[in-house]
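One-letter residues, chain by chain:
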Amino acid sequence: MTTALTACLFDTADGADNAVQRLMSEGGLAPGVVDDAVTLRWDEGAARPCSRRRAELSSGNALGDGFWALVIGLTLRVPLLGAAVGGVAGARSGSLAEAGIDETFMNRLRDAVTPGRSAFLVLGARSAWGVLVGEILRPERPDSVATDISARQLAALHQVFST
Amino acid sequence: MRSQGRLSPGVTTRLPVLPRKYLPRRLLWDSLEAATEAAVTMLVAPVGAGKTLGVVGWLRSGTQRSAVWVAASPDLSVDDFNRLSTQTGTDGEPQLLVIDDAHTLSGAVVADVERRLNDEPRSMHLLLISRWDLPLARLAPELRGDLAVLRGDLLRLSDDEAATLVAEHARTDSAEVCAAISTRAHGWCAAVVLAARAVAGARDPVADAQRLMSGSAVLDTIASDVFAALTARQRHLLLCLAGEEVASPALARHLSHDDDAGRLLEELESTGLLVTRYVDARQSLGDLDTGDGRSDETVTFRLHPLLVEVARRRLVAGGVDVERARATVRRAVAVDVELGESSGALRRLVAIGALDAATRLLVDHGVALALAGEADALTPLVRHHPAAVESSPICSLTVALHRWLRGDFRTARHWLHRMELATPGWSPDEECSAVGQLALAAARLLRARLGDGALEDVVPDVEESVRRFGTGTISHDPVVALVKLHLGSALIHLGRLADADLHLTQAIHVGRSSGLPALAAEAASALAMSQYLQGREHICLELAAEAARGDVAREYAATTLRGVLLARRLAVLQSVVHDQHDAPGVSSTAEAHDLAQEGAHDVAEEGDVLPGALTRLLISRSLLLRGLIADAERALDSPTIRFGVPCVLRVPVLLEQALQATLACDNEYLARLERELTALEAVGEAALVAALRAEGLGEPRVALDLFESAARCSTCVQPPVAAIALIGRAQLLFDDHRVAEAMTDLRAALATTELRRNALPFLGWSRHGAPVVALLRAGCEATRSAWCRELLETMQARPGITSVAGALTATPRERAQVTDGVVRPALSSRERDVLRELARGATYADIAASLYVSENTVKTHVSSLYAKLAVRRRSEALAVARTLALL
């Protein structure tokens, strides 16, 4: 079973939070669909996006805060750090490509998470999540981008990030 | 290749370079080969069809062709176009001029292309690359074979070509991928290349290609995907450069704060489409293969319009990458401004969306930017973010000033008004600061000059502000210079010319020392007006030349342009008397009409009334000197002159009308003008008018005394009342054989007019006095004045203005005879000849002899002339002819 890191992209700042709320109100998810999840939102007028770990959706396979901190850090925080110091910092630093999270995925996430929008990041089985997006999130029909993580890469991630 | 001379700023002749991955476009090349036999070839295709690189490929294919390549822009002037299009090759034929992006050419250049296409097609050899059809009348030139039009279909890729491109860019030769892409791309080059690049890194290229090419906004999706597929550093660079038309590697490094920017651009260029490399035109096309021109000085890069569009959308949407790009551009601009290089600063900040920094820049340097012509980026800033601009009074002043300088007085007034409304909300710092106070003073002055408030009330307050705040270290601040410029102009309105000169001189000084040529030029043209009004025409001429020097008039503000034009016209007018050897009345009406047309724009201008009123006065004087008295009267008949004439021009306007009335023998009007001048306490001027009237009434002795009184008491120097009176008196004295007294007056008049080179007094204003020529001849014997000799030479061939103009000008009685609403009849050339002879008082026999026709023929012409003029007698015919200015 292929694991994927998928980002569902919403055109409103509360789109992702609403989607999670609805998922929970409809009885949650079957075990094994989602290992770990986080929502990102950037409110209009705010200086930066904020993230929220969705422990309620996590399973026993969760990678933990450290993993999300690194993904969100490299994708969103480092460029902001570059902005804060007025330099190109972040454009030339770290990559998670070897762990299966390629630069195109990160670029798309950067392009999608802008003021007034939100994203729902999910680590889980690619096929199961596809069904979920197709059926449960049908009202929003969010765009999504995904990057596949092989079993070997997932094992490595667990080795490094599991708590 | 002949030298191109100097082109407008922003216009460069740089050649695009082919990317390493390049697909030869044989079909296009063959068509170009045939089509460019015509003088003008137009290649029309949408963005992304591969026009530019297709033409570059053709230029470099087969035989070596020489061509000049220019990227069009609205900055490309008609002069630039003429300069570029008339370059000849070694064979003496016009060299091929390729104009890329011809759809951005200004209307004037397109009109010039059309004119030359019709009049002299072989004088140019053009290839216009355009996204859409240019507004040229095509049918006749196409039929003559001077114009060929090639369309985008020629650029459509065949399936094989598309497959080659997909294989190169997607790094796959999968037939499915190729089919998925080329089916939806319909042979459109940009879509094929971008889609191929977007799927290049995908794990499942077929699925990715199918996803990309489905949906409605195919190109949007593809372009966004291509942008996402770039490296983070490339994305950063493109975001930083999105506002630039072209970028050199040095500029790219500076704006992106990335030392490798040049290399990144080369990477992007090498893959084609995204970025095009241009090299300096000094290198011939043949050098381009060798890799020369890769040094920073000669290479520039241009982002593809589609990529620029994607980057702009990203900038609008925001996000972390955008924040970082804003920060680096902000930093680069701050460094530039710190080093005194503010050109492009505002534009870059607005383009990248760094509004806070743009507003801060306006607060610190807004007035200087507006005066330096660097504030055009204000327009989008004001349109999209009015609140940011309104937050500071200096920003509002900058917007108002920018609009003022562009001649948009209505918007300028609106922002000045908003600025005053915002004043109560100023922070105490702003309220107390010297710059804040002076900005407010400048705003009040500008508003008063636009007619909101009386100058008399505003000027004393502003003078007080300048005294209190405008000294010391701040005296070189552009705001101070701005206040002084407008204070000087306001003082001219009020007739306080000496004070005006002081402020304007200081403004010129600051303008020059602070690198604000527009301010210096505007102050110089205002000073030129002041000097003219003070009777110092020679200084006026020097200042006009100074103000018109360089490209100030073209590059900067509408008002500066107006001032410079006016100052030039003043200069022209002064030379009219000297240069025109023909008698007045014989010179061409067309010339006077041209002058009036040229001035019409100024006259119609709202805003500052002084230049408009002065222009009317000048047009009127010019017409008067040509003997077109009725036209001269009409030129002064406007609401501005009747109700809104500035204080300083009240007496000159009345005197101008008096000179016109003298030539038209309108004694009643002269009496009215005399009363008005007396009411204005212009005693000497009133005496001159009375003297002219006395002459009209046949009382030369009375006139003699009045001329003397005018010479003694007058203060007005424009027109030179004292000199006119002195010469009038000298004419009368000379006629009375009182030669010694006449010579004394002549000497005095020569002394006051020599330096000014003003010949107006010597035109012969006295009806009963001796001719001016006789007076001057005696004067040349009595004095050794070179000026007297020069005047004699000029006037020798022309009789006195009163005698010539009198014969051609309808008197009030004649005008009263002619019914209103008579249509100006169309006379044949023979009828005109006959009319002129009748006016000379010739008999039918004389006319027959001089026109080499029989007397009967003359009688036929006369009867048809009388019928057209609806008259029965010669005197009636002449009255009508004078009234309708047929003579």
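Keep in mind that what you see is a predicted model, and the values were worked out from it rather than measured. (Residues numbered from 1 in each chain as written. Chains lettered and ligands numbered in written order. Predicted model: local features only at pLDDT ≥ 70, side-chain atom pairs only at ≥ 80, totals over all residues. Heavy atoms only, no water.)

What follows is about the overall build of chain A. Looking only at helices and strands, one finds five helices and five strands in chain A. Secondary structure elements in chain A, listed N-terminal to C-terminal, are β-α-β-β-α-α-β-α-β-α. Expressed as a percentage of the 163 residues in chain A, the buried residues total 50%. Sequence-distant contacts, at least 24 apart, represent 81% of the contacts inside chain A between residues at least 6 apart. (Helix = DSSP H or I, 4+ residues; strand = E, 2+ residues; numbered from the N terminus. Buried < 20%, exposed > 50% of the residue type's maximum accessible area, 1.4 Å probe, protein only. Contact = heavy atoms within 4.5 Å.)

Once that is clear, we can look at the interface of chain A and chain B. Contacts between the two partners involve 27 residues from chain A, matched on the other side by 26 residues from chain B. Both sides together, the interface formed by chain A and chain B hides about 2,000 Å², and carbon and sulfur atoms give 53% of it. Applying the counting rule to chain A against chain B returns three salt bridges. Where chain A touches chain B, the interface holds six residue pairs in polar contact (both at pLDDT 80 or more). (Buried area = accessible area lost by both parts, 1.4 Å probe. Salt bridge = Lys/Arg side-chain N within 4 Å of Asp/Glu carboxyl O. Polar contact = N/O pair within 3.5 Å; in protein donor to acceptor, adjacent residues only side chain to side chain.)

Next up on the list: the pattern of salt bridges. Oppositely charged side chains may form a pair once their charged atoms are brought near each other. One pass over the structure, following the stated rule, counts 50 salt bridges over all chains. A:Asp65 is the partner of A:Arg53 in a salt bridge, and the nearest nitrogen-oxygen pair spans 2.7 Å. Within this pair, whereas A:Arg53 is found in strand E3 (residues 50–53), its partner A:Asp65 is found in helix H2 (residues 65–85), the two being separated by twelve residues in sequence. B:Arg836 is the salt-bridge partner of B:Asp833, the closest N and O atoms lying 3.2 Å from each other. One end of the pair, B:Asp833, and the other, B:Arg836, are both in helix H45 (residues 829–839), three residues apart, so they sit about a helical turn from each other. Three or more residues are tied together by salt bridges with common partners; here these are A:Arg110, A:Asp111, B:Arg235, B:Arg314, B:Asp321 and B:Arg324.

Residue and element names in this part refer to chain B. Read across the open sheet, the five strands follow the order E3-E4-E5-E2-E6; overall the sheet is parallel. Either end of the sheet is taken by a strand with one partner, and the two such strands are strand E3 (67–71) and strand E6 (147–151). Strand-to-strand twist of the sheet, defined as the mean angle between neighbouring strand axes without regard to direction, takes the value 15°. The pairing of strand E4 (residues 96–100) with strand E5 (residues 126–130) spans three bridges and is classified as parallel. Directly across from Ile99, in E5, lies its bridge partner Leu128. Helix H1 (residues 26–35) contacts strand E2 (40–44), E5 and E6 of the sheet and is inclined by roughly 170° relative to E6. Packing of helix H3 (residues 78–85) onto the sheet brings it into contact with E3, E4 and E5, and relative to E4 it is tilted by some 140°. (Pairing = 2+ DSSP bridges. Axes fitted to C-alpha atoms, helices over the stretch in contact; angles between N-to-C directions.)

For the rest of this paragraph, the subject is the environment of B:Thr276. Residues and elements named next belong to chain B. Examined against the element boundaries, Thr276 turns out to sit in strand E7 (residues 275–280). Residue Thr276 is classed as buried on the basis of its relative accessible area, which comes to 13%. If near-sequence neighbours (up to four positions away) are discounted, Thr276 is found in contact with Pro16, Val17, Leu53, Glu269, Thr300, Phe301 and Arg302.

Right, let's get into the sheet that holds E3(A). All names here are of chain A. Taking strand neighbours across the sheet as the criterion, the five strands line up as E3-E2-E4-E1-E5 in an open arrangement whose pairing is antiparallel. Looking at the sheet topology across the chains shown, the edges are occupied by E3 and strand E5 (143–149). Each strand of the sheet is rotated relative to its neighbour by a mean of 15°, with strand direction disregarded. The sheet contact formed by strand E2 (residues 34–42) and E3 spans four bridges and is antiparallel. The residue bridging Thr39 from the neighbouring strand is Arg52, located in E3.

Here we take up unusual backbone geometry. All names here are of chain B. The omega torsion of the bond from Gln718 to Pro719 falls at 0°, within 30 degrees of zero and hence cis. Note on placement: Pro719 falls in the loop between helix H38 (700–713) and helix H39 (721–735). You will see that Glu681, though not glycine, has its phi angle at about 65°, which is positive. Counting through the fold element by element, Glu681 comes out in the loop between helix H36 (667–679) and helix H37 (683–696). Judged by its relative accessible area of 68%, Glu681 falls in the exposed class.

B:Val55, B:Leu397 and B:Leu649 are the most contacted members of the largest nonpolar core, which has 177 residues in total. Once you skip the residues sitting within four places of it in the chain, B:Leu649 turns out to touch B:Leu533, B:Leu610, B:Ala613, B:Leu614 and B:Leu617. (Core = buried A, V, L, I, M, F, W, Y, C linked by side-chain atoms within 4.5 Å.)

As a further point, take the environment of A:Val33. Residues and elements named next belong to chain A. Secondary-structure assignment places Val33 in the loop between helix H1 (15–25) and E2. The class for Val33 is buried, based on a relative accessible area of 13%. Placed 42 residues apart in sequence, Val33 and Thr75 show a C-alpha to C-alpha distance of 25 Å.

Turning our attention to empty space enclosed by the protein. All names here are of chain B. All chains considered together, the criterion is met by eight cavities of 30 Å³ or more. Space inside the second largest cavity adds up to approximately 70 Å³. Lining of the second largest cavity is provided by eleven residues; of these, Tyr532, Leu617, Arg621, Glu656 and Gln718 occupy positions nearest its centre. Listed by contribution, the elements that provide at least two residues to the lining of the second largest cavity are helix H27 (517–533), helix H32 (609–625) and helix H35 (647–663). The biggest single contributor to the lining of the second largest cavity is H32, with four residues. Residue composition of the lining of the second largest cavity, by class: eight nonpolar, one polar and two charged. (1 Å grid on protein atoms, 1.4 Å probe; cavity = no way out; pocket = protein on both sides within 12 Å on 5 of 7 lines; lining within 4 Å. Points joined across faces, edges and corners; volume = space filled by probe spheres on them. Nonpolar A, V, L, I, M, F, W, Y, C, P; charged D, E, K, R; others polar.)

How two aromatic rings sit relative to each other is given by the distance of their centres and the angle of their planes. In the structure shown here, the tally under the stated rule is four aromatic pairs over all chains. Judged by centre distance (5.0 Å) and plane angle (65°), the ring pair of A:Phe67 and A:Trp68 falls under edge-to-face. With respect to burial, A:Phe67 and A:Trp68 carry one shared label: buried. With a centroid separation of 5.3 Å and 90° between ring planes, the pair formed by B:Trp404 and B:Phe409 is classed as edge-to-face. Residue B:Trp404 is classed as buried on the basis of its relative accessible area, which comes to 2%. Three or more aromatic residues joined by ring pairs form one cluster here, namely A:Phe67, A:Trp68 and A:Phe161. (Phe/Tyr/Trp six-rings, centres within 6.5 Å; stacked < 30°, edge-to-face > 60°.)

Moving on, we get to the packing of helix H33 (residues 629–636) of chain B against H35(B). Residues and elements named next belong to chain B. Running from N to C, H33 and H35 point in directions that differ by 155°, and their axes come no closer than 10 Å. As judged from the angle between their axes, H33 and H35 are roughly antiparallel. Classified by chirality, the crossing of H35 by H33 is left-handed. For the pair formed by H33 and H35, the contact residues are Ile629, Ala632, Glu633 and Leu636 on the first element and Val653, Glu656, Gln657, Gln660 and Leu663 on the second. Class assignment of the residues belonging to the contact of H33 with H35 gives a composition of five nonpolar, two polar and two charged. (Parallel < 35°, antiparallel > 145°, perpendicular 65-115°, else oblique. Left-handed = near helix turned anticlockwise from the far one by under 90°.)

Our focus in this paragraph is the side chain of B:Ser530. Structurally, B:Ser530 can be placed in helix H27. On the accessibility criterion, B:Ser530 (0% relative accessible area) is buried.

Attention shifts here to the pairing of E4(B). All names here are of chain B. Of all five residues in E4, five are buried, a share of seventy percent or more. Side chains of E4 alternate between two faces, with Leu96, Val98 and Asp100 and Leu97 and Ile99 buried alike. By the bridge criterion, five bridges tie E3 to E4 in an arrangement that is parallel. Bridge assignment links Ala67 to a residue of E4, and that residue is Leu96. On the question of chirality, the crossover connecting E3 to the parallel E4 by way of H3 is right-handed. A crossover links E4 with its parallel partner E5, the connecting element being helix H4 (residues 107–119), and its sense is right-handed. (Right-handed = clockwise from strand over helix to strand, strands pointing away.)

Worth remembering: the numbers are spatial, not functional.
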